[in-house]
Amino acid sequence: MTGLLSNLLLAVAWIALSGDFSMGGMLTGLAFGYLVIWLLQNHIPGLRGYGSRLPRIVSFVFYFLRELFMANFKVAFDVITPPWHMKPGVIAFELEAKTDLEIAFVANLISLTPGTLSLDISDDRRVLFIHAMFLDDEQALRGDMREMERRALAVLR
């Protein structure tokens, strides 16, 4: 969190000093702020690891957009074609996420993806119950959910 706040502060300083109060100025300030923090992260303990987070975030955004597109296409195809191919069901998915933020992030990502919905979390917060519209291959679905969780946790940790 310190890295993000430092980056935003450096971006605001860039905007104030350059006088460019536009979106381009903000993005330039964020880019220069990121570069400064990346150079200083080994010398300031609160900034350690911040430089490697941006590539993980960008990678995750592209991954999630691809998953979102594919899920939308699959659901739309099933709705448009006359014989429905869906086989709905509920699975219990064991989580690697531990904190409230991690669990909420993973559960919301699953719910944002068409065809899946987070239903509930167990009392011990280790199992997430997921409703899936296409439960043809449970192991493949578990693998996809595990990959999404792994990438989401890489962004947060």
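Model, not experiment: these values are computed from the prediction.

Draft legend 1. Highlighting the sheet that holds strand β1 (residues 89–94). Taken in spatial order, the 3 strands line up as β1-β3-β2 in an open sheet, and their pairing is antiparallel. Two strands lie at the open edges of the sheet, namely β1 and β2 (116–121), each paired on one side alone. In this sheet, neighbouring strand axes are inclined to one another by 30° on average, regardless of whether the strands run parallel or antiparallel. Taken together, the 5 bridges between β2 and strand β3 (residues 127–132) define a ladder with antiparallel strand orientation. Note on β3: the bridge partner recorded for L117 is H131. Contacts from helix α4 (residues 100–112) reach β2 and β3, with the element oriented near 145° to β2. Lying on the sheet, helix α5 (residues 138–156) is in contact with β1, β2 and β3; it crosses β1 at an angle near 45°.

Draft legend 2. The side chain of E149, seen in detail. By the secondary structure assignment, E149 is in helix α5. Classification of E149 as buried rests on a relative accessible area of 0%. With residues near it in sequence (within four places) discarded, E149 still touches F93, E94, L95, E96, A97 and V106.

Draft legend 3. Molecular detail of α4. In this model α4 runs 18 Å from its N-terminal to its C-terminal C-alpha over 13 residues, within 8% of the 18 Å that 1.5 Å per residue would give. When α4 is considered as a whole, its buried residues turn out to be E102, I103, V106, A107, L109 and I110. Down the axis of α4, the smallest arc covering the buried residues is 160°, so these residues share one side. Turned more than 90 degrees from where α4 packs its buried face, D100, L101 and L112 sit exposed. Those residues of α4 that are buried are in contact with α3 (50–80), β2, β3 and α5.

Draft legend 4. The arrangement of the nonpolar core in detail. F60, I110 and I130 are the most contacted members of the largest nonpolar core, which has 22 residues in total. If you tally residues by element for this core, the top one is α5, at 6 residues. Ignoring anything within four residues of it in the chain, the contact list for I110 reads T116, L117, S118, L128, I130, M145 and M148.

Draft legend 5. Spotlight on the packing of aromatic side chains. Applying the stated criterion to the full structure yields 5 aromatic pairs. Ring geometry for F60 against F64: centres 6.1 Å apart, planes inclined by 15°, an arrangement best described as stacked. Highlighted residues: F60 and F64, both in helix α3, separated by 4 residues, approximately one helical turn. With relative accessibility at 8%, the residue F60 sits in the buried group. Taking the centre distance of 6.1 Å and the plane angle of 45° together, the rings of F60 and F105 count as tilted. With F60 in helix α3 and F105 in helix α4, the pair connects residues that are 45 residues apart, well separated along the chain. Take F105: its relative accessible area is 26%, and that puts it in the partly exposed class. In this structure an aromatic cluster arises from ring pairing among F60, Y63, F64 and F105.

So, how was this worked out
Residues numbered from 1 in each chain as written. Predicted model: local features only at pLDDT ≥ 70, side-chain atom pairs only at ≥ 80, totals over all residues. Heavy atoms only, no water. Pairing = 2+ DSSP bridges. Helix = DSSP H or I, 4+ residues; strand = E, 2+ residues; numbered from the N terminus. Axes fitted to C-alpha atoms, helices over the stretch in contact; angles between N-to-C directions. Contact = heavy atoms within 4.5 Å. Buried < 20%, exposed > 50% of the residue type's maximum accessible area, 1.4 Å probe, protein only. Expected span 1.5 Å × (residues − 1). Arc of directions from axis to C-beta. Core = buried A, V, L, I, M, F, W, Y, C linked by side-chain atoms within 4.5 Å. Phe/Tyr/Trp six-rings, centres within 6.5 Å; stacked < 30°, edge-to-face > 60°.

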